[in-house]
Amino acid sequence: MSWLTEHVRPKLRSLLQRDVPDNLWTNCESCSQMMLTKELVRKKKVCPHCGHHMRASAHERMQWTFDDGKYTTINLPTVPTDPLHFRDSKRYTDRLKAARSKSSLDDSLLVAHGTIAGRETVVAVMAFEFMAGTMGSALGEAFLAACQEAIRRKAPLVIFTASGGARMQEGVVSLMQMPRTTIGVEMLRDAGLPYLVVFTNPTTGGVSASFAMLGDIHIAEPNALIAFAGPRVIRDTVREELPEGFQRSEYLKEHGMVDIIASRNELPALLGRLVGMLSPAAATSANAGPAPSHTS
């Protein structure tokens, strides 16, 4: 009995009481299937069972988009932290501090440059992990900085959108970012540079009502919610049942608001082809045509 008591029982107890990491498994929010988190990350957070595209961080999208996952972030302008001295259940400054600590980002837009399919490209990614990707003055300044960086490098600008809309803690200051970001898009147009928008789930509110809907080409991940007001708000307003899939990527493509629906695994190659076709260098060489032949 002593051998069982002193050796076997402690080993069995240690096996049964072994701690399992909380993040070892992930449940798909669409089909409820469980999968190893490491395997899910390897598949770019696309459920292998149902194809559902789960939420991704800003840095993950950068790594998936640029060649070999290599990119250089740019320094973004600083803005007044709390222009309205806003407070609800918490101070706005405290909410910002908590969001920065949790996400390791300064605000809800990350901007970087690198190459996609070998071509210099500027990419901006909205970070839903930072206060639901809401649009405040910092995002407006960051978007304009992204446009200026693209113009300086004579490179296309690609933006991944993910947002709950305007940031209520900044009131009218947030709403003023809608015309300001529109000016940034016009700057790109004047410079003859491509502007590509990739809609991810969700893209709503003032973001969808401004720079998100002004792209030269609109790409969307499958089943992404793309709207100004959400379906529940519209349903309660009009008091009618809405069409199935209303305001989702597929519905918007059928109605001409989205050009292409592409899965996350297809996006890098697709963006590479589009950047190659639309970049100024490609357009110049295409217009030039073959070199004239000379005969003596």
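None of these values were measured; they are calculated from a predicted model.

**Examining helix α11 (residues 267–278)**
No. 1: In a regular helix each residue adds 1.5 Å, so 12 residues correspond to 16 Å; α11 covers 16 Å between its end C-alpha atoms and thus fits that length.
No. 2: Within α11 the residues assigned to the buried category are Leu-267, Leu-270, Leu-271, Gly-272, Leu-274, Val-275 and Gly-276.

**Section: the UniProt feature "zinc finger region: C4-type" (unreviewed entry) in the protein chain**
No. 1: Here the UniProt-annotated "zinc finger region: C4-type" (unreviewed entry) positions come out as residues 28–50.
No. 2: For the annotated span residues 28–50, helix accounts for 26% and strand for 13% of the residues, and the straight-line distance between the end C-alpha atoms is 9 Å.

**A closer look at the UniProt feature "binding site: Zn(2+)" (unreviewed entry) in the protein chain**
No. 1: Using the residue numbers shown here, the UniProt feature "binding site: Zn(2+)" (unreviewed entry) corresponds to Cys-28, Cys-31, Cys-47 and Cys-50. Across 23 residues, the annotated set stays spatially compact, with a maximum C-alpha separation of 8.7 Å.
No. 2: Look past the residues within four positions of Cys-28 in its chain and what remains in contact with it is Gln-33, Met-35, Cys-47, Cys-50, His-52 and Met-54.
No. 3: Tracing the backbone shows Cys-31 in the loop between β1 (25–27) and β2 (34–36).
No. 4: Beyond its immediate sequence surroundings of up to four residues, Cys-31 is in contact with Cys-47, His-49 and Cys-50.

**Let's talk about helix α5 (residues 137–153)**
No. 1: Its 17 residues place the ends of α5 24 Å apart at the C-alpha level, agreeing with the 24 Å of an ideal helix rising 1.5 Å per residue.
No. 2: Across the 17 residues that make up α5, a large majority, 12, are buried.
No. 3: When we look at burial in α5, the residues that qualify are Ser-137, Ala-138, Leu-139, Gly-140, Ala-142, Phe-143, Leu-144, Ala-145, Ala-146, Cys-147, Glu-149 and Ala-150.
No. 4: On its buried side, α5 packs onto β4 (109–116), β5 (119–126), β6 (157–163), α6 (171–175), α7 (177–190) and β7 (195–203).

**A look at the packing of α5 against α7**
No. 1: At a minimum axis distance of 9 Å, the contact between α5 and α7 shows a crossing angle of 5°. Between α5 and α7, the interaxial angle falls into the category roughly parallel. Taking contact as the criterion, the partners of Ser-137, Gly-140, Glu-141, Phe-143, Leu-144, Cys-147, Gln-148, Ala-150 and Ile-151 in α5 are, on α7, Gln-177, Arg-180, Thr-181, Gly-184, Val-185, Met-187 and Leu-188.
No. 2: Taken together, the residues of the contact of α5 with α7 sort by class into 8 nonpolar, 6 polar and 2 charged.

**Re the side chain of His-53**
No. 1: Residue placement: His-53 occurs in the loop between α2 (37–42) and α3 (58–65).
No. 2: A residue is classified by how much of its surface remains accessible, and His-53, at 10% relative accessible area, is buried.
No. 3: A polar side-chain atom of His-53 sits 3.0 Å from the main-chain carbonyl oxygen of Gly-51.
No. 4: Here the side chain of His-53 touches Arg-264 through a polar contact of 3.0 Å, landing on its backbone nitrogen.
No. 5: Once residues within four sequence positions are removed from consideration, His-53 is found in contact with Lys-45, Val-46, Glu-221, Pro-222, Ser-263 and Arg-264.

**Details of the sheet that holds strand β9 (residues 260–261)**
No. 1: Strand order in the open sheet formed by 7 strands is β3-β4-β5-β6-β7-β8-β9, and the pairing between neighbours is mixed. Single-partner strands in this sheet number two, and they are β3 (72–73) and β9.
No. 2: Examined bridge by bridge, β4 and β5 share 8 bridges and lie antiparallel to one another. Its bridge partner lying in β5, Thr-115 is registered against Glu-120.

**Some thoughts on the environment of Thr-115**
No. 1: Tracing the chain through its elements places Thr-115 in strand β4.
No. 2: The residues contacting Thr-115, other than those within four sequence positions of it, are Phe-66, Asp-67 and Glu-120.

**Concerning the environment of Thr-78**
No. 1: With respect to the secondary-structure elements, Thr-78 resides in the loop between β3 and α4 (92–103).
No. 2: Residue Thr-78 is classed as exposed on the basis of its relative accessible area of 76%.
No. 3: Separated by 59 residues in the primary sequence, Thr-78 and Ser-137 place their C-alpha atoms 9.4 Å from one another.

**Let's talk about the packing of aromatic side chains**
No. 1: The final tally for this structure, using the stated rule, is 4 aromatic pairs.
No. 2: Judged by centre distance (6.1 Å) and plane angle (75°), the ring pair of Phe-143 and Tyr-195 falls under edge-to-face. Of this pair, Phe-143 sits in helix α5 while Tyr-195 is found in strand β7, placing the two residues 52 residues apart along the sequence. This pair shows no difference in class: Phe-143 is buried, exactly as Tyr-195 is.
No. 3: Clustering of aromatic rings is evident, with ring pairs tying together Phe-143, Tyr-195 and Phe-211.

**Some details on the pairing of β6**
No. 1: In terms of residue burial, β6 counts as a mostly covered element, since 7 of its 7 residues are buried.
No. 2: Along β6, one buried face is formed by Leu-157, Ile-159, Thr-161 and Ser-163 and the opposite face, lined by Val-158, Phe-160 and Ala-162, is buried too.
No. 3: Of the strand pairs in this sheet, β5 and β6 are connected by 4 bridges, and their pairing is parallel. Note on β6: the bridge partner recorded for Val-123 is Val-158.
No. 4: Traced from β5 through α5 to β6, the parallel crossover comes out right-handed.
No. 5: Of the strand pairs in this sheet, β6 and β7 are connected by 6 bridges, and their pairing is parallel. When the sheet's bridge partners are listed, Thr-161 is paired in β7 with Phe-199.

Conventions and cut-offs
Residues numbered from 1 in each chain as written. Predicted model: local features only at pLDDT ≥ 70, side-chain atom pairs only at ≥ 80, totals over all residues. Heavy atoms only, no water. Helix = DSSP H or I, 4+ residues; strand = E, 2+ residues; numbered from the N terminus. Expected span 1.5 Å × (residues − 1). Buried < 20%, exposed > 50% of the residue type's maximum accessible area, 1.4 Å probe, protein only. UniProt positions renumbered as here; feature names shortened; annotations may be inferred. Contact = heavy atoms within 4.5 Å. Axes fitted to C-alpha atoms, helices over the stretch in contact; angles between N-to-C directions. Parallel < 35°, antiparallel > 145°, perpendicular 65-115°, else oblique. Nonpolar A, V, L, I, M, F, W, Y, C, P; charged D, E, K, R; others polar. Polar contact = N/O pair within 3.5 Å; in protein donor to acceptor, adjacent residues only side chain to side chain. Pairing = 2+ DSSP bridges. Phe/Tyr/Trp six-rings, centres within 6.5 Å; stacked < 30°, edge-to-face > 60°. Right-handed = clockwise from strand over helix to strand, strands pointing away.

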